[in-house]
Amino acid sequence: MAPDFDDRGWAEGSGPLGRSTAGLRTQTADPTVLEPPSMAVLFRTSFELPEAHGIEGLTVHYLRDDGLRLWLNGVEMLRHDLRAGDINRTSMAARAVHGSEEATWERLALPAGALRPGSNQIAAAVHQVSVSGGDLIFDLELRGFRRSDDPVLTRGPYLQQTSSTRSIVRWQTAAPARGWVEVGGSPGEVIRRIPEKAVRRDHEVEVVGLPEGPAYYSVGVESVGAEGTAGVEDVLLAGGDAAHQIARPGAAVRFWITGDQGGADEGTRQVRDGMLIAAGPRPPSAWLTLGDNAYPSGTEAEFQAAVFDTFAGLLRSTTLWPSPGNHDLIGATLDLDEGPYFDVFSLPVRGEAGGVPSNRERWYAFDWGPVHVVSLDSVSGHRTPNGPMLRWLEADLRRARAPWVIAVLHHPPYSRGSHDSAKEVATNLVRERILPILERHDVAVVFAGHSHSYERSSEDETPVFVVAGNASIPGGGPLDHPRMKVSRGAQLGSLLVDADACSFDLRAIDEGGDAYDRFRLEKSGPCTP
């Protein structure tokens, strides 16, 4: 990774590189046969840049099997499927890449600050997942962008913090630009344009005063002409069609819940497609997650693959409301809401979408039609009695007036799936410190992930406990917790909820779109939906 390292003795070849896979142009050796075994194959290449190169943004496109670490001029730029912290050539990849993933080109926008005039070096380490070796694939392309180039969309658009009157639209471009959002009541119509105040790569525009009825949007940037030319030109990047709609809550809502869906693998895609089959012509207007949104270490590359690439179609019109999991917050400090999880999401801290202001992105509340949602951080050390999160939780639930109040968090108070809730500190603290508050305020359902199974208590209890950490990697376990009425292991799936003021109907959906469990809660006495 050192820019001045002498690599003249290294083997040379063109990509794709690797071994034991069809379609390779260059075969590499198997490092696992060394004594001691090495888990990584190392690659380097260089390129030249002129003094005034003008590059302000980069995108990297890559194939990797299994884990990838990348440096530019000695600066680490990304990790994918490698754990956080110190790793070396003996470190294994966090998970195996196989099947269609081996041929899937990943994409990530990178800052251009590490570039320099003259010689530049790219270094990469591709790590194996096992000492038994196996196939290995590597190919990579680095693209540079000037502000005068045609704008390139690298993420989104996606929706955050939507309410009946406002929403935040986010997207990312390869190079900095000044963005804008246009909103109308029909596809292609423009009744309002909201420009950004600053030039940036990660774009975030608040749209307030949404029109009554449907709201459609488009995003774009101002493109500055090349040096020596005049004028600024608007460039449409996405939208202006029926697919880009800001779906808002109404009297009756449908929303989707997934847990531990961060694998960016075939299982995740099957769960996604199964939900779309079950939803039919009425897709969910909101998507709630139960943590572990990006495996294994919550890096930006992993969020890009697991969230923004895997669910790009859904995110154009469905607002995402994430909760943090232990994999998402690796490397995040207790007192600061900083790191990739907090960079890629815009979470309400001032009660922008309903509820009491939380002043922290780790926990928040929002209203979605007849449902009030509290999203909690069960990962960090914020379960202290009379601490900021639990004081906020008490205040928010005391004021909640929605027909249905639900809680979403990562660690389950009760589970005997791939995790045993009686044996882990985090799950015990949820049960001892968080759960009594939820029970005291008659929360209807408590949703959790972490345990890679489906477990559900009786619908005759309040609250109903649902464990659904099976949206990517199904797990086993005894599945015999006495609080649970239904338990399913080795089952991929997600949850589809339909709610109005009188009823709360939940279906557990498998990868084929069929329901493998269902329960319905109803308000007692006369009720008007």
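Residues numbered from 1 in each chain as written. Predicted model: local features only at pLDDT ≥ 70, side-chain atom pairs only at ≥ 80, totals over all residues. Heavy atoms only, no water.

1. Things to note about the overall build of the protein
Phase 1 of the analysis: Within the protein one finds 6 helices and 28 strands.
Phase 2 of the analysis: The C-alpha radius of gyration of the protein comes to 24 Å, within 12% of the 24 Å expected for a compact globule of 529 residues.
Phase 3 of the analysis: Counting only C-alpha atoms and orienting by the principal axes, one finds that the protein spans roughly 80 × 65 × 45 Å.
Phase 4 of the analysis: When the 529 residues of the protein are sorted by exposure, 58% land in the buried category.
Phase 5 of the analysis: Taking all contacts inside the protein whose residues are at least 6 apart in sequence as the whole, residues at least 24 apart take part in 70%.
Phase 6 of the analysis: Carbon and sulfur atoms form 50% of the exposed surface of the protein, whose accessible area is close to 21,000 Å².
Phase 7 of the analysis: For the protein, the centre of its 51 positive side-chain charges and the centre of its 71 negative side-chain charges are spaced 4 Å apart. (Helix = DSSP H or I, 4+ residues; strand = E, 2+ residues; numbered from the N terminus. Rg over C-alpha atoms; globule rule 2.2 N^0.38 Å. Buried < 20%, exposed > 50% of the residue type's maximum accessible area, 1.4 Å probe, protein only. Contact = heavy atoms within 4.5 Å. Areas by Shrake-Rupley, 256 points an atom, 1.4 Å probe, with all protein chains shown as cover. Lys, Arg positive; Asp, Glu negative; His and termini not counted. Charge placed at Lys NZ, Arg CZ, Asp CG, Glu CD.)

2. Side note on a nonpolar patch on the surface
Phase 1 of the analysis: Taken together, the side chains of F5, W10 and L42 present a nonpolar region at the surface, about 250 Å² in accessible area.
Phase 2 of the analysis: Mapped onto the elements of the fold, W10 is located in the segment before β1 (17–19). (Patch = residues over 30% accessible without salt bridge, like charges linked within 9 Å, V, L, I, M, F, W, Y side chains within 5 Å. Salt bridge = Lys/Arg side-chain N within 4 Å of Asp/Glu carboxyl O.)

3. What to know about the sheet that holds strand β28 (residues 515–522)
Phase 1 of the analysis: In space, the 6 strands of this open sheet follow the order β18-β17-β16-β26-β27-β28, with mixed pairing throughout. Either end of the sheet is taken by a strand with one partner, and the two such strands are β18 (319–321) and β28. Adjacent strand axes in the sheet meet at a mean angle of 20 degrees when their direction is disregarded.
Phase 2 of the analysis: Bridge analysis of strand β27 (residues 503–509) against β28 gives 7 bridges, and the strand direction is antiparallel. Counterpart to S503 in the pairing with β28 is E522.
Phase 3 of the analysis: With respect to the sheet, helix α1 (residues 266–279) is in contact with β16 (253–258), β26 (494–499) and β27, its orientation differing from that of β26 by roughly 30 degrees. (Pairing = 2+ DSSP bridges. Axes fitted to C-alpha atoms, helices over the stretch in contact; angles between N-to-C directions.)

4. Considering the pattern of salt bridges
Phase 1 of the analysis: Scanning the entire structure with this criterion turns up 37 salt bridges.
Phase 2 of the analysis: Here R95 and D81 are joined by a salt bridge, their closest N and O atoms 3.1 Å apart. With R95 in the loop between β6 (75–80) and β7 (106–111) and D81 in the loop between β6 and β7, the pair connects residues that are 14 residues apart, well separated along the chain.
Phase 3 of the analysis: For D81, a relative accessible area of 0% gives the class buried.
Phase 4 of the analysis: For R166, the salt bridge goes to E206, with nearest N and O atoms at 2.9 Å. Taken together, the residues span a long stretch of sequence, with R166 in strand β11 (residues 166–184) and E206 in strand β13 (residues 200–208) at a distance of 40 residues.
Phase 5 of the analysis: The partly exposed category is assigned to E206, whose relative accessible area is 42%.

5. A word on the state of the cysteines
Phase 1 of the analysis: The full count for this structure, using the stated rule, is 1 disulfide.
Phase 2 of the analysis: Here C502 engages in a disulfide with C527; their sulfurs sit 2.0 Å apart. Here the S-S torsion is close to -95 degrees, and the disulfide linking C502 with C527 is therefore left-handed. Here the residue C502 occupies a position in the loop between β26 and β27, and C527 occupies one in the segment after β28, the gap between them amounting to 25 residues. (Disulfide = S-S within 2.5 Å.)

6. Concerning the packing of helix α5 (residues 388–399) against helix α6 (residues 425–440)
Each pair of packed helices can be described by the angle between their axes along with the distance between the axes.
Phase 1 of the analysis: Axis separation between α5 and α6 bottoms out at 10 Å; the angle between their running directions is 10 degrees. Taken as axis vectors, α5 and α6 run roughly parallel relative to one another. For the pair α5 and α6, contact is made by M389, L390, L393, E394 and L397 and by R433, I434, I437, L438 and R440, respectively.
Phase 2 of the analysis: Within the contact of α5 with α6, the residues separate by chemical class into 7 nonpolar, no polar and 3 charged. (Parallel < 35°, antiparallel > 145°, perpendicular 65-115°, else oblique. Nonpolar A, V, L, I, M, F, W, Y, C, P; charged D, E, K, R; others polar.)

7. Some points on the side chain of Q491
Phase 1 of the analysis: Turning to its location among the elements, Q491 is positioned in the loop between β25 (484–488) and β26.
Phase 2 of the analysis: A distance of 2.8 Å separates a polar atom in the side chain of Q491 from a polar atom in the side chain of R488.
Phase 3 of the analysis: Excluding residues within four positions of it along the chain, Q491 makes contact with N470, P474, D510, E511 and Y516. (Polar contact = N/O pair within 3.5 Å; in protein donor to acceptor, adjacent residues only side chain to side chain.)

8. Points about α5
Phase 1 of the analysis: Spanning 12 residues, α5 covers 17 Å between terminal C-alpha atoms, matching the ideal 16 Å at 1.5 Å per step.
Phase 2 of the analysis: Every buried residue of α5 is listed here: M389, L390, W392, L393, E394, A395, D396 and L397.
Phase 3 of the analysis: Each element contacted by the buried residues of α5 is listed here: β19 (364–368), β20 (371–375), β21 (404–408) and α6. (Expected span 1.5 Å × (residues − 1).)

9. Description of the sheet that holds β6
Whenever strands of a sheet pair, they do so through backbone hydrogen bonds, lying parallel or antiparallel.
Phase 1 of the analysis: Taken in spatial order, the 4 strands of this open sheet run β3-β8-β5-β6, and their pairing is antiparallel. Each end of this open sheet is capped by a strand with a single partner; those strands are β3 (40–49) and β6. Across the sheet, the mean angle separating the axes of adjacent strands is 15 degrees when strand polarity is ignored.

10. Topic: the environment of H80
Phase 1 of the analysis: Topologically, H80 is positioned in strand β6.
Phase 2 of the analysis: Along the backbone, H80 and E302 are 222 residues apart, and their C-alpha atoms lie at a distance of 5.9 Å.
Phase 3 of the analysis: Look past the residues within four positions of H80 in its chain and what remains in contact with it is Y62, R64, D66, G67, L68, E106, A301, E302 and A305.
Phase 4 of the analysis: Of the polar contacts made by the side chain of H80, one reaches the side chain of R64; its length is 3.2 Å.

11. Examining the pairing of strand β5 (residues 67–72)
Phase 1 of the analysis: The element β5 is extensively covered by neighbouring structure, given that 6 of its 6 residues are classed as buried.
Phase 2 of the analysis: With 6 bridges connecting them, β5 and strand β8 (residues 118–127) associate as antiparallel partners. Each residue of the ladder has a partner; that of W71, found in β8, is A123.

12. Examining the environment of K197
Phase 1 of the analysis: You can see K197 is positioned in the loop between β12 (192–195) and β13.
Phase 2 of the analysis: For K197, a relative accessible area of 83% puts it in the exposed group.
Phase 3 of the analysis: Each C-alpha atom of the pair K197 and G179 lies 8.4 Å from the other, and the pair is 18 residues apart in sequence.

13. Considerations on the packing of aromatic side chains
Phase 1 of the analysis: Across all of its chains, the model carries 19 aromatic pairs by this definition.
Phase 2 of the analysis: Between W287 and F311, the aromatic rings sit 4.5 Å apart at their centres with planes inclined by 50 degrees, giving tilted as the arrangement. Placement of W287 in strand β17 (residues 286–289) and of F311 in the loop between α2 (300–309) and α3 (312–315) is noted, with a sequence separation of 24 residues between them.
Phase 3 of the analysis: Classification of W287 as buried rests on a relative accessible area of 0%.
Phase 4 of the analysis: Of the residues examined, F311 reaches a relative accessible area of 1% and is grouped as buried.
Phase 5 of the analysis: Seen from their ring centres, Y341 and F342 are 5.1 Å apart, and the 90 degrees between their planes marks the pair as edge-to-face.
Phase 6 of the analysis: Judged by its relative accessible area of 1%, Y341 falls in the buried class.
Phase 7 of the analysis: By relative accessible area, F342 is classed as buried at 7%.
Phase 8 of the analysis: Ring pairs connect the aromatic residues Y158, F303, F308, Y341, F342 and F345, which therefore count as one cluster.
Phase 9 of the analysis: Looking at R483, its charged tip hangs above the ring of Y414, at a distance of 4.7 Å from the centre.
Phase 10 of the analysis: We note K523 situated over the ring of W404; from NZ or CZ to the ring centre the distance is 4.1 Å. (Phe/Tyr/Trp six-rings, centres within 6.5 Å; stacked < 30°, edge-to-face > 60°. Lys NZ or Arg CZ within 6 Å of the ring centre and 35° of its normal.)

By themselves, these figures tell us nothing about what the structure is for.
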